[in-house]
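Take a look at the letters that make up each chain.
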Amino acid sequence: MQALWMLLGAAFFATMGVCVKFASAHFSPAELVFYRGLVGIVFLAAIAKQQGISLRTRYPGMHVWRSAVGVLSLGSWFYAIAHLPLATAMTLNYMSGVWVAAFLVGGTLLNWNPQDGQSAASQGPLAITVLTGFAGVVMMLRPTIEQNQIFAGLIGLLSGFVAAFAFMQVMALGRVGEPEARTVFYFAIGTAVAGGAVMVFDGVSPWDWQQAIWLLPVGVFASLGQLCLTRAYSQGATLVVANLQYSGIVFAALYSLLLFGDDIAWMGWAGMALIVLSGMASTLLRARAAPNAPAEEH
């Protein structure tokens, strides 16, 4: 059942990407972030009440920092979805796992002491995994991004980079005993506040019910996806379950082909495959340094 929950969660996040893609033609990334947060607040408050989880926290500062980096990642990802093929934007966001591995390698090398008796070469497999992931990025971006999409590609890469920081903050919140439902609830509040603040200065798009109908499922599918990930990890994160999160890239690729007719060259598909493989390998290798890690949010 854990594997099925993870597959369902990945499908929900990919479907959310489809809704963002359609809605982005009429609404700015800030508006999408705001409405996702607004729906998420209601949805997650109901879930917390059903599970008997209090929403009061003793660590407001940690939640503020987690929300700040999470909002930056989410806004960047929504911008990338609007301007890139869905499969490309999804893959760049899923690079967060590789970025976490890169941080682990960098931290180990910075703190390495020859007198500890541990060789720096012990980080070799993880370092190779990280380099493989970056090679996949180069392969994917060269054939799939047109010249006028370079900026969007960099923003998409930024979304995965910042998501790695958000993931590590979620891990920190888990270590101090914060339940994931509470953490995600405060993240929803942060997205609504940040998106609303940008809308005050950037303005609001003209309201059209035919287009606004896409806003509700953005928040619903995001919340359902997070709920499924929480269920998948509720009995301990096996490596199989953790790696199944990358099925979201497969779902996004199918949507790209069937709904949007995106034309991705063979090198782009090869790059995606490399990123998936490196992400799975990094999940396996970093599990030794960070066992029982929480789900990565998207």
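Please refer to the structure higher up on the page.
Bear in mind the structure is a predicted one, so any value in this text is a computation, not a measurement. (Residues numbered from 1 in each chain as written. Predicted model: local features only at pLDDT ≥ 70, side-chain atom pairs only at ≥ 80, totals over all residues. Heavy atoms only, no water.)

J.: Before we go on, may I ask you to explain a nonpolar patch on the surface in this structure?
T.: Side chains of Phe22, Val250, Leu254, Leu257, Leu258 and Leu259 sit close together on the surface and give an oily, nonpolar patch of about 570 Å² of accessible area. Examining the composition of the nonpolar patch, we find that 4 residues originate from one element, helix H12 (residues 247-258), more than from any other. Inspection of the secondary structure assignment puts Leu254 in helix H12. (Patch = residues over 30% accessible without salt bridge, like charges linked within 9 Å, V, L, I, M, F, W, Y side chains within 5 Å. Areas by Shrake-Rupley, 256 points an atom, 1.4 Å probe, with all protein chains shown as cover. Salt bridge = Lys/Arg side-chain N within 4 Å of Asp/Glu carboxyl O. Helix = DSSP H or I, 4+ residues; strand = E, 2+ residues; numbered from the N terminus.)

J.: Please clarify how the side chain of Arg182 should be interpreted in this entry.
T.: One can find Arg182 in helix H8 (residues 180-202). You can call Arg182 buried: its relative accessible area is 12%. Ignoring sequence-local partners within four residues, the contact set of Arg182 consists of Ile53, Ser54, Leu55, Arg56, Thr57 and His63. (Buried < 20%, exposed > 50% of the residue type's maximum accessible area, 1.4 Å probe, protein only. Contact = heavy atoms within 4.5 Å.)

J.: Could you clarify how one ought to interpret the packing of aromatic side chains in this entry?
T.: Ring pairs (aromatic) are described by centroid distance and by the angle formed between their planes. Taken as a whole, this structure holds 12 aromatic pairs when the rule is applied. Between the aromatic rings of Phe185 and Tyr186, the centroid separation amounts to 5.5 Å while the plane-to-plane angle is 75 degrees, which identifies the pairing as edge-to-face. Aromatic rings pair up to connect Phe27, Phe34, Tyr35, Trp207 and Trp209 into one cluster. Above the face of the Phe187 ring, Arg66 is positioned so that its terminal group lies 4.1 Å from the ring centre. (Phe/Tyr/Trp six-rings, centres within 6.5 Å; stacked < 30°, edge-to-face > 60°. Lys NZ or Arg CZ within 6 Å of the ring centre and 35° of its normal.)

J.: Honestly, the pattern of salt bridges in this entry has me stumped. Any pointers?
T.: Between side chains of opposite charge, a pair can form as their charged atoms come close. Summed over all chains, the structure comprises 1 salt bridge. Glu178 serves as the salt-bridge partner of Arg182, at 2.5 Å between the closest nitrogen and oxygen.

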